[in-house]
Amino acid sequence: MIEAVGLTKRYGAKTAVYNLSFQVRPGAVTGFLGPNGSGKSTTMRMILGLDEPTAGHVTVGGYPFRKLPNAPRQVGALLDAKAVHGGRSARQHLLCLAQLSGIPARRVDEVLGVVGLQNVARKRSKGFSLGMGQRLGIAAALLGDPQVLLFDEPVNGLDPEGILWVRNFMKQLASEGRTVFVSSHLMSEMALTADHLIVIGRGQLLADMSVKDFISYNSADFARVRTPEGDPGQREKLTAALSEAGGQVLPEQDGALRVTGLPLPRISDLAHGADVRLWELSPHQASLEEAYMRMTQGAVDYRSTVDERAALQQQMPGAVPQGGPYGHAPGAPAQQVGFPPGTMLPGYAEPPAPPQQHAPGAPYTPGAPMPSAPGAPSAAPAAPAMPPTAPPAQPPAAPSAPADLTKSDTEDAR
Amino acid sequence: MTTPYQQQYQAPVPPQGPPQGPPQGGPPQMPPQAAPHQPVPSGPPSQPYAGVGPYTSPIPVRQTHLGNALASEWTKIKSVRSTIWTLGVMVALVAGIGLLVAASTSDSDYETLPTTLPGFFGTLLGQLCIVTLGVLVITSEYGTGMIRTTLTASPQRSRVLTAKALVFFTLSFTTTTLALALVALASAGMHSGPGVQEPSSDQLLGATVGAGLYMSLLGLLSLAVGCMLRHSAGAITAMLGVVLLPAILPAFLMMSDSLRDLGEKMQEYSSPQALASLFRIDESLNSGWPQLWALAGVTAAAMIAAYVLLEKRDV
């Protein structure tokens, strides 16, 4: 059990963590999520007594960490895989940590076996890969057979086999009744591993809920519907019919429609009834990653901008920056910097606007050009990207997603 | 943007990991109070995580003590190469130069000087090795980040520093004293002709234990400075200043009449002069023990400051 109350940490003028209160309970894997620089590691260091909080306090099993009688027997931690002396062999590294808390040397060989480093136990850790370093760090955390385990980005640098192993291993540790607290910036990883989520951004708590709740609050399925191109009349007809039947319809960049609240057969029936031909009717799912990014969008400290390469091109007619608020209107950068048309660089697309944002029947003109994407439809047919949601730091969207959609989402996640 | 995973997740069904087998079997037993912790909705057979009580290790948890920390620090200091190298070079310098000087001098040189003298020349260089090792014992942990692992494994920070200081001091004192004793014995064996002074026990003590103590105290001071500065190069540079400046500055200080006394005192307590006193290379010098006590005082003060800072600062 980890309990933080009003945890605050300031480094000079910068507040790394502000008024953070949460509990991490035994018997579950608790995921600790946040963008880079959001204060995850600072919080971990405060839990481990390495950093003194400016205000508030945090206890592990009822004790402040530095008052624990034998810390490694109660709390195991992997903070940084590279936090070892490279000149020491893996075995000697673990041995000196074991001796520090009176753990017999036999245990060192045991944990080396658990993490699969027996064969390199006598090699100096300088030559270890990042994945081997992570395994060594996990071995160190396991030395004392502790009740509470903290892992900071444990799957960084691991191969797929290692990721799977860590995932199952953490679940197993939790199933034994241990408290497992794992930080990550990958929602996708946490969705597979964690039972409970604590999400922070800019050092403040954004969400503290079970993964199940997070999914039902933040993820919704939708259908993509495409009517024949060059016939906006059909599209408007279908939009009207779908809205009338209680569905929410949002136009997408490429002229397709995003429909929520109606099952696929019903959409097909309605289209048939309205005498509209369909070119596409496909099920889609707003992923947890999107939900998480939407939640932390306003809290991202390090955001990349489009590489304009203006400094390299002295006279380039037409090279006027025309990005949106975040400097990357979909479609536009690809033309500017000379990527082949249709190329969508990973990470350039803005997370789609949550459907819940628009109340049913809101004045939303179907087919109207999107505000920040002039002429985009033909430029990026492969990317159903939406314009940036206007206000940053959206609060968790209202729990309006239908329950059956949530269920199918969880099944898909398996 | 944030991650490259977004593209991937615009696919209809997010790619998920391969199915995972259950770590352990067992039917779900969920007490009502554990309701918020439903099994994770991923991975085929969900596990009854919330059904188990808090884990307690079958092995009893014992309170740790200084002995544990000493064992750990002993493992640490002997398992890195820098220890072998610095101590090896120190022994090579002290014993090598000492034996060389002893071999290249004749009995007549020792009519007024003690036969322990040859050890002196090696210590001037050897002390720099001890300084380096003293700094590295602690700054290598800061440099590699190992200190965070150490202080997580032992949040009793002062105990860690105490163990480091004791292990390092014992090791360096033993090594330096043994090397010096070897030189003193060899030199006395080589020069035992008529007219050569038999070294008094006072002289022997100063040239072995005294000089060994001086060098290892200097190393301990380096450890304290390293703990305060937390940076190898910075701490070694600072210690070079401590060793060399009192030997160089007096030359300038003595140009001015008002600072002459200060310059003389500084010279008297400078490291080469203190070692020279311990080896009795000149009748006019004192026994060297006052300098040793002064160094012990400075080291104690630095250690106290190191303790305070270690306890107070974030790691």
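Remember, it's a predicted structure, so these values are computed and weren't measured experimentally. (Residues numbered from 1 in each chain as written. Chains lettered and ligands numbered in written order. Predicted model: local features only at pLDDT ≥ 70, side-chain atom pairs only at ≥ 80, totals over all residues. Heavy atoms only, no water.)

A. Seen up close, empty space enclosed by the protein. Taken as a whole and judged by the stated rule, the model has 11 cavities of 30 Å³ or more. By volume, the largest cavity amounts to about 290 Å³. Residue lining of the largest cavity: 25 residues in total, with Ala77(A), Leu97(A), Ala140(A), Ala141(A) and Thr149(B) positioned closest to the centre. Secondary structure elements with two or more residues in the lining of the largest cavity: strand S5 (75–78), helix H3 (90–100) and helix H5 (130–142) of chain A together with helix H5 (146–153) of chain B. The biggest single contributor to the lining of the largest cavity is H5(A), with 5 residues. The class makeup of the residues in the lining of the largest cavity is 15 nonpolar, 8 polar and 2 charged. (1 Å grid on protein atoms, 1.4 Å probe; cavity = no way out; pocket = protein on both sides within 12 Å on 5 of 7 lines; lining within 4 Å. Points joined across faces, edges and corners; volume = space filled by probe spheres on them. Helix = DSSP H or I, 4+ residues; strand = E, 2+ residues; numbered from the N terminus. Nonpolar A, V, L, I, M, F, W, Y, C, P; charged D, E, K, R; others polar.)

B. Up close: the pattern of salt bridges. All names here are of chain A. The full count for this structure, using the stated rule, is 23 salt bridges over all chains. Between Glu161 and Arg135 there is a salt bridge, and its shortest N-O distance comes to 3.4 Å. In this pair, Glu161 is assigned in helix H6 (residues 160–175) and Arg135 in helix H5, connecting sequence segments 26 residues apart. For Arg178, the salt bridge identified is with Asp145, shortest N-O distance 2.8 Å. Separated by 33 residues along the polypeptide, Arg178 in the loop between H6 and strand S7 (179–184) and Asp145 in the loop between H5 and strand S6 (148–152) bring together distant segments of the chain. With respect to burial, Arg178 and Asp145 carry one shared label: buried. Members of the salt-bridge network, linked through shared partners, are Arg224, Arg226, Glu252, Asp254, Arg258 and Glu280. (Salt bridge = Lys/Arg side-chain N within 4 Å of Asp/Glu carboxyl O. Buried < 20%, exposed > 50% of the residue type's maximum accessible area, 1.4 Å probe, protein only.)

C. Geometry of the confidence of the model for chain B. Residues and elements named next belong to chain B. For chain B, mean pLDDT is 84; residues scoring 70 or higher make up 83% of the total. Across residues 1–51, where pLDDT falls below 50, the model places 123 contacts with residues more than four positions away in sequence or in other chains. As a predicted assembly, this complex carries a pTM of 0.74 together with an ipTM value of 0.80. (pLDDT = per-residue confidence, 0-100. Contact = heavy atoms within 4.5 Å.)

D. Inspection of the pairing of strand S8 (residues 196–201) of chain A at higher detail. Residue and element names in this part refer to chain A. The buried count for S8 comes to 6 of 6 residues, which makes it a mostly enclosed element. Pairing of strand S3 (residues 28–33) with S8 involves 4 bridges; the strand directions are parallel. Across the sheet, residue Gly31 finds its bridge partner in S8, namely Leu197. Summarising the sheet, S8 and strand S9 (residues 204–210) pair through 6 bridges and their orientation is antiparallel. Opposite Ile200, over in S9, you have Leu205 as the bridge partner. (Pairing = 2+ DSSP bridges.)

E. Representation of the sheet that holds S3(A) in the model. All names here are of chain A. Read from one edge of the open sheet, 6 strands run S5-S6-S7-S3-S8-S9, paired in mixed fashion. Looking along the sheet, the strands with just one partner apiece sit at the ends: S5 and S9. Sheet twist, expressed as the mean angle between neighbouring strand axes with direction ignored, is 15 degrees. Pairing analysis gives 4 bridges linking S5 to S6, with the strands arranged parallel. Across the sheet, the residue bridging to Ala77 is Leu150, located in S6. (Axes fitted to C-alpha atoms, helices over the stretch in contact; angles between N-to-C directions.)

F. How the structure looks around the domain arrangement of chain A. Each assigned domain of chain A is listed here: domain 1 (2–216) and domain 2 (220–284). Inter-centroid distance (C-alpha atoms) of domain 1 of chain A to domain 2 of chain A is 47 Å. (Domains from an automatic or database assignment.)

G. Representation of the side chain of Arg280(B). Residue and element names in this part refer to chain B. Here Arg280 lies in the loop between helix H10 (271–278) and helix H11 (289–312). On the accessibility criterion, Arg280 (14% relative accessible area) is buried. Within the structure, Arg280 has its side chain in polar contact with the backbone oxygen of Ser287 (distance 3.4 Å). Not counting the four nearest positions on each side in its chain, Arg280 is found in contact with Leu113, Pro114, Asp202, Gln203, Asn286, Ser287 and Trp289. (Polar contact = N/O pair within 3.5 Å; in protein donor to acceptor, adjacent residues only side chain to side chain.)

H. Main features of the packing of aromatic side chains. This structure, assessed with the given rule, holds 7 aromatic pairs over all chains. Measuring from centroid to centroid gives 6.0 Å for Phe22(A) and Phe32(A), while their planes differ by 40 degrees, and the two rings are tilted. Separated by 10 residues along the polypeptide, Phe22(A) in strand S2 (residues 14–24) and Phe32(A) in strand S3 bring together distant segments of the chain. For the residue pair Phe22(A) and Phe32(A), the accessibility class agrees, reading buried in each case. For the ring pair Phe120(B) and Phe121(B), a centre distance of 5.4 Å and an interplane angle of 65 degrees mean the geometry is edge-to-face. For Phe120(B), a relative accessible area of 8% translates into the label buried. Taken together through their ring pairs, the aromatic side chains of Phe22(A), Phe32(A) and Phe181(A) make up a single cluster. Sitting over the face of the ring of Tyr55(B), Arg178(A) holds its NZ or CZ atom 3.8 Å from the ring centroid. The aromatic ring of Phe222(A) is capped on one face by Arg258(A), whose charged end is 3.7 Å from the ring centroid. (Phe/Tyr/Trp six-rings, centres within 6.5 Å; stacked < 30°, edge-to-face > 60°. Lys NZ or Arg CZ within 6 Å of the ring centre and 35° of its normal.)

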